[in-house]
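Okay, here's what each chain looks like letter by letter:
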Amino acid sequence: CVPCRRRHGVREKHRPGRSLSATNLPLRFTPTPTGAPNAALVRANEKSYNIPMTSVDRVSRCLADFGLQDRLITLDQSSATVALAAQALGCPEALIAKTLAFEYNGSALLVVAAGDAKVDNRKFKAVFGTKAKMPAPDQVEALTGFRPGGVCPFAPKEGVKVYLDVSLQRFETVYPAGGSGNTAVKLSLAELQAASRAEKWVDVCKGWQPQTPAAQG
């Protein structure tokens, strides 16, 4: 009988017109859990799953376009200001490439300058045709795509243009932020210019040039 055959390990032959159920299939299988998406598929179709990216994720992807993703440094302490970033990285404040945000034509523009430089209002207006006006802290993220302390020149909000100040040209390596208040990116000037997709170099800062002694009469 059929029960005896199964008890002694004898497999039944499939007869025409007879369906194979899970109880008489010769092979066992483990079904995939319903609704559990494949991890690789999720990674390949993040947009389809509507998975939000953090600002640091955006920066990392931007850097990866230039093979620079390994330059992104995550710090154990805050780097939200020039002084804190220099302390965390163990470098002079001048090497911190601070990204300054300014309101511009209903949007924003970013100027990356040396940590020891200050904006010169006269120079700024001569280059951009408007006064240098920084957005209020609660408007920074909406205008730039980054929160205060993490503003950087990589993958900003669409339409935001990036400019590099000549105060950076004294150095071979600089450290801009990486999208948050505890990240930095170690880059050469050429790498910074490429990864930031900067429009051009500008001269809109002061206070970083060596002071020239007054001529003696």
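In this report, the structure presented in the accompanying data block is examined.

Thresholds, definitions, all that
Residues numbered from 1 in each chain as written. Predicted model: local features only at pLDDT ≥ 70, side-chain atom pairs only at ≥ 80, totals over all residues. Heavy atoms only, no water. Core = buried A, V, L, I, M, F, W, Y, C linked by side-chain atoms within 4.5 Å. Buried < 20%, exposed > 50% of the residue type's maximum accessible area, 1.4 Å probe, protein only. Helix = DSSP H or I, 4+ residues; strand = E, 2+ residues; numbered from the N terminus. Contact = heavy atoms within 4.5 Å. Pairing = 2+ DSSP bridges. Salt bridge = Lys/Arg side-chain N within 4 Å of Asp/Glu carboxyl O. Phe/Tyr/Trp six-rings, centres within 6.5 Å; stacked < 30°, edge-to-face > 60°. Lys, Arg positive; Asp, Glu negative; His and termini not counted. Polar contact = N/O pair within 3.5 Å; in protein donor to acceptor, adjacent residues only side chain to side chain. Arc of directions from axis to C-beta.

### Digging into the nonpolar core
Argument step 1. Residues Leu63, Phe124, Phe128, Phe154, Leu168 and Leu192 are the most contacted members of the largest nonpolar core, which totals 52 residues.
Argument step 2. Per-element accounting of this core gives the leading share, six residues, to strand β3 (residues 107-113).
Argument step 3. Sequence-distant contacts of Leu192, defined by excluding residues within four places in its chain, comprise Val112, Pro153, Phe154, Leu164, Leu168, Val174, Pro176 and Leu187.

### Description of the pairing of strand β5 (residues 161-165)
Argument step 1. Burial of β5 is extensive: four of the five residues sit out of reach of the surface.
Argument step 2. Of the strand pairs in this sheet, β3 and β5 are connected by four bridges, and their pairing is parallel. Looking across to β5, one finds that Val111 is bridged to Tyr163.
Argument step 3. In this structure, β5 lies alongside strand β9 (residues 201-202), joined through two bridges in parallel fashion. Note on β9: the bridge partner recorded for Asp165 is Val202.

### Focus on the pattern of salt bridges
Argument step 1. Evaluation of the coordinates by the stated rule reveals six salt bridges.
Argument step 2. Residue Arg197 is joined to Asp65 by a salt bridge in which the shortest nitrogen-to-oxygen separation is 3.7 Å. You can see Arg197 sitting in the loop between α8 (189-195) and β9 and its partner Asp65 sitting in the loop between α4 (55-64) and β1 (72-74), a full 132 residues away along the chain.
Argument step 3. Of the residues examined, Asp65 reaches a relative accessible area of 57% and is grouped as exposed.

### Observations regarding the packing of aromatic side chains
Argument step 1. Here the structure, examined in full by the defined rule, presents four aromatic pairs.
Argument step 2. The interplanar angle of 70° and the centroid separation of 6.3 Å between the aromatic rings of Tyr104 and Phe128 together place this pair among those described as edge-to-face. Of this pair, Tyr104 sits in strand β2 (residues 96-104) while Phe128 is found in helix α6 (residues 121-128), placing the two residues 24 residues apart along the sequence.
Argument step 3. Under the relative-accessibility criterion, Phe128 is labelled buried at 9%.
Argument step 4. Arranged with centres 4.9 Å apart and planes meeting at 75°, the rings of Phe128 and Tyr163 form a pair that is edge-to-face. One end of the pair, Phe128, is in helix α6; the other, Tyr163, is in strand β5, and 35 residues separate them in sequence.
Argument step 5. A connected cluster of aromatic rings, assembled from ring pairs, spans Phe102, Tyr104, Phe124, Phe128 and Tyr163.

### Quick word on the side chain of Asp120
Argument step 1. In this fold, Asp120 is placed in the loop between β4 (118-119) and α6.
Argument step 2. It is Arg122 that comes nearest to the buried, bridge-free Asp120 among opposite-charge side chains, at 4.3 Å.
Argument step 3. Of the polar contacts made by the side chain of Asp120, one reaches the backbone nitrogen of Arg122; its length is 3.0 Å.
Argument step 4. Separated by 3.1 Å, the side chain of Asp120 and the backbone nitrogen of Lys123 make a polar contact.

### As for α6
Argument step 1. Taken together, the buried positions of α6 are Lys123, Phe124 and Phe128. All buried residues of α6 project into a common sector of 110° when viewed along the axis, lining one side. Turned more than 90 degrees away from the buried face of α6 sit Arg122 and Ala126, all of them exposed.
Argument step 2. Buried-residue contacts for α6 involve β2, β3, β4, β5, β9 and β10 (205-206).
Argument step 3. Of the residues flanking the start of α6, the one acting as N-cap is Asp120, its side-chain oxygen 3.0 Å from the backbone nitrogen of Arg122.
Argument step 4. Just beyond α6, the residue with positive phi is Gly129, at close to 75°.

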